[in-house]
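An overview of the molecular structure
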Amino acid sequence: MKRGAGTVRRLRKLHWADWAILALLGLFFGYVWFQIDGTLKYKWRWEIIPQYLFRYDEEQGRWVANILMQGLINTVRISVLAGLLALVLGTALGLARVAQNLTIRMLARTYLEFLRNIPAVVVIFIFYFFLSEQLIAAFRIEAWARGIARGENAWIWELFFGDMRRFPSLISGIVVLALFESAFVGEIVRAGIQSIPRGQREAAQAIGMTWADEMRFVVLPQAMRKVVPPLANEFIALVKNSAIVSLISVHDLTYKTVELVSSTRAIFEAWITTAVLYGGLCFLLSLLFRRFERAER
Amino acid sequence: MTARPIIEIRGLGKFYDGFEALKNINLDVHSGERIVICGPSGSGKSTLIRCINRLEEHTSGELVVDGIELGEDTKDIRAVRQEVGMVFQQFNLFPHLTVLENLTIGPVRVRKIAKAEAEARARKYLERVHIPEQADKYPAQLSGGQQQRVAIARSLCMEPRIMLFDEPTSALDPEMINEVLDVMVELAGTGMTMIVVTHEMGFARKVADRMVFMERGEIVEVAPPDVFFTAPKSERCRAFLDQILEH
Ligand SMILES: Nc1ncnc2c1ncn2[C@@H]1O[C@H](COP(=O)(O)OP(=O)(O)O)[C@@H](O)[C@H]1O
Ligand SMILES: [Mg+2]
């Protein structure tokens, strides 16, 4: 690392103030520990946790994921699929925000303000009851998924969507989360589009391109490259936000943890384990993205 | 000349919210004519030529290009733009595309010609601007002079009937100006209708059929170069010429 005039000097030695902060932190956690251990008389049972990650299946004769791991895998599935859908919807929304047509711009703006100014949980319930449920009923997704679950190619579907009997619930989780995230993706895409110099658009127009071709061949390819880092960050946010779909009974990691807690009463162990799983997943993702970004340069 | 002018500008005016950038501009340009526009900075030269391919909308008057009156109709606008090539001061090449792709995107996506044909055409025009060997590079790998020549070739690939140049050499290092001007002189030799905003008076003397001097949004003087450079009628034009020819 260079130590130019502009960079902040990083201290290698701890100052007395740092020691004071660490001591205060230590006291705080010590107090919390004392409360849990001493006052609540909490009995730690860490040993029961591993079996809820993986268990040995006697019938199949191998180790299989148990509820916490199933939850984590579902969380990954939901995040990836919702992320892809949010990318598509968000790109459309970003384009709508810079459209020539005033009505389209206003509709996009309204959608965005709606999502920005209403708590996520409320948005999720609204999407769920007003949209997802209706869509699933309208397209007879329940019956269709049950058909697949009984069919021969069920395993391919299950790879992507997990237990097909729970497909409708998973899909509503994905749709709801994607609709929610699309607003943020849309704003990132809009900023990316607007960061492309005016001359680029003028050059496209000067050869007679339509607005759509100008976007498709000139603006978006350049904008998308610019927005990869903020989109990567947004994806990590999405993984964390995906926990709210547990409220509409999607069997993600959070939902499974609630289940585990109610059946075992191992409140602290279960939630700490879940926190570590979420944290580890997001931390891995951020490492991965940072590596990609460095390779890009 | 009796044929209808390829560009007819009648009483053209342009307001930028409150600021009058063009005032009652009248100019006819005939097919094959080469017009050089000069004038002090801010006099409306760019605004005028950008109105011709409707990168700017005029606010009053009439503008007919290749028989099409420019108005709100987007189809008409695109039809005009296909016949009018434009070269910008800042090149504005597409940085995410190779030189060849920069040249073929218009013909393929706008003119809808086959890719192979577009590539053949692109190579022909790269040859014309003397850089056939740069086809597979990206714009950022080229010098300014080379980039501007690619930009010229990109416009030519649309096989337009009119070429507009907005100070095409102003952003270039001095040693690269001539390579671009040479290409433009050669283009003038092919009979292309050209409107060039430039302060390169050597170039103007060589190719211009008519010189146009603008100031404060108005056309002050229109004259053939021999008259323009030796005996300009207006005082303001003379002062401007003295200033730029001094160096
Ligand atoms: N987009 C714009 N908005 C407001 N004013 C503008 C805009 N473009 C140009 N102008 C103004 O119009 C005048 C003419 O500009 P321009 O045509 O670029 O002049 P030139 O090319 O001769 O230097 C200038 O005073 C400029 O400030
Ligand atoms: Mg200008």
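Attention here is on the structure that accompanies the text. (Residues numbered from 1 in each chain as written. Chains lettered and ligands numbered in written order. Predicted model: local features only at pLDDT ≥ 70, side-chain atom pairs only at ≥ 80, totals over all residues. Heavy atoms only, no water.)

**Describing the overall build of chain B**
We apply this condition: Starting at the N terminus, helices and strands are each numbered in turn, a helix being any DSSP run of H or I of at least four residues and a strand any DSSP run of E of at least two. Note on classification: 1.4 Å probe, protein chains only; a residue is buried when its accessible area is under 20% of the maximum for its type, exposed when over 50%, partly exposed between these limits. Whether two residues are in contact is decided by their heavy atoms: any pair within 4.5 Å suffices. Residue exposure ignores everything except the shown protein chains as possible cover, and the areas themselves are Shrake-Rupley values with a 1.4 Å probe. Only four residue types enter the tally: Lys and Arg on the positive side, Asp and Glu on the negative side; His and the chain ends are excluded. We put the charge of a Lys on NZ, of an Arg on CZ, of an Asp on CG and of a Glu on CD.
On a plain count of helices and strands, chain B comes out with nine helices and ten strands. The principal-axis extents of the C-alpha atoms in chain B amount to approximately 50 × 45 × 40 Å. Counting over 247 residues, chain B shows a buried share of 56%. Put simply, 66% of the contacts in chain B that link residues at least 6 apart link residues at least 24 apart. Total accessible area on chain B stands at roughly 10,700 Å², and carbon and sulfur atoms take up 46% of it. Taking the average location of the 30 positive side-chain charges in chain B and that of its 37 negative ones, the two points are 4 Å from each other.

**Some points on the interface of chain A and chain B**
Going by this rule: Note: buried area is the sum, over both parts, of the accessible area (probe 1.4 Å) each one loses when the two are combined. Take a side-chain nitrogen of Lys or Arg and a carboxyl oxygen of Asp or Glu: if they are within 4 Å of each other, that pair is a salt bridge. Nitrogen and oxygen atoms within 3.5 Å of one another constitute a polar contact, given that in protein one can donate a hydrogen and the other can accept it, and given that sequence-neighbouring residues count only through two side-chain atoms. When residue character is reported, Ala, Val, Leu, Ile, Met, Phe, Trp, Tyr, Cys and Pro are called nonpolar, Asp, Glu, Lys and Arg charged, and the others, Gly included, polar.
Contact with chain A, which involves 19 residues of that partner, is made by 21 residues of chain B. Here chain A meets chain B over a buried area of about 1,700 Å², counting both sides, of which 61% is carbon and sulfur. Taken together, the connections running from chain A to chain B amount to two salt bridges. Between Arg50(B) and Glu202(A) there is a salt bridge, with its nearest N and O atoms 2.7 Å apart. Linking chain A with chain B are five residue pairs in polar contact (both at pLDDT 80 or more), by the criterion used here. Counting only elements with at least two residues in the side of chain A that touches chain B, the list comes to helix 9 (198-206) and helix 10 (211-241) of chain A. With eight residues, the top contributor of residues to the side of chain A that touches chain B is helix 9 of chain A. Across the side of chain A that touches chain B, the residue classes break down as eight nonpolar, six polar and five charged.

**Observations concerning the sheet that holds strand 5 (residues 68-69) of chain B**
Residue and element names in this part refer to chain B. Condition: In this analysis, strands are considered paired if DSSP registers two or more bridges between them.
In spatial order, the strands read 2-1-4-5; together these four strands make up an open sheet with antiparallel pairing. Each edge of the open sheet carries a strand with a single partner, namely strand 2 (19-29) and strand 5. As defined by bridge partners, strand 4 (residues 60-65) adjoins strand 5 across two bridges and the pair is classed as antiparallel. From the neighbouring strand, valine 64 faces strand 5, where its bridge partner is glutamate 69.

**With respect to the state of the cysteines**
What counts here: The disulfide definition used here is simple: a pair of cysteine sulfur atoms within 2.5 Å.
As enumerated under the stated definition, the model contains zero disulfides over all chains in all. Free of any disulfide, Cys38(B) has its nearest cysteine sulfur in Cys237(B), 6.3 Å distant.

**Considering the pattern of salt bridges**
Applying the stated rule across the entire model yields 26 salt bridges over all chains. As a salt-bridge pair, Arg201(A) and Glu214(A) come within 2.9 Å of each other at their nearest N and O atoms. One end of the pair, Arg201(A), is in helix 9; the other, Glu214(A), is in helix 10, and 13 residues separate them in sequence. A salt bridge links Glu119(B) to Lys115(B); its shortest N-O distance comes to 3.8 Å. A residue pair is termed a helical-turn pair when its members lie 3 or 4 positions apart in one helix, as Glu119(B) and Lys115(B) do in helix 4 (residues 115-128) at four residues. With relative accessibility at 26%, the residue Glu119(B) sits in the partly exposed group. Residues joined in a network through salt bridges with shared partners are Arg97(A), Arg109(A), Glu113(A), Arg116(A), Glu187(A) and Arg190(A).

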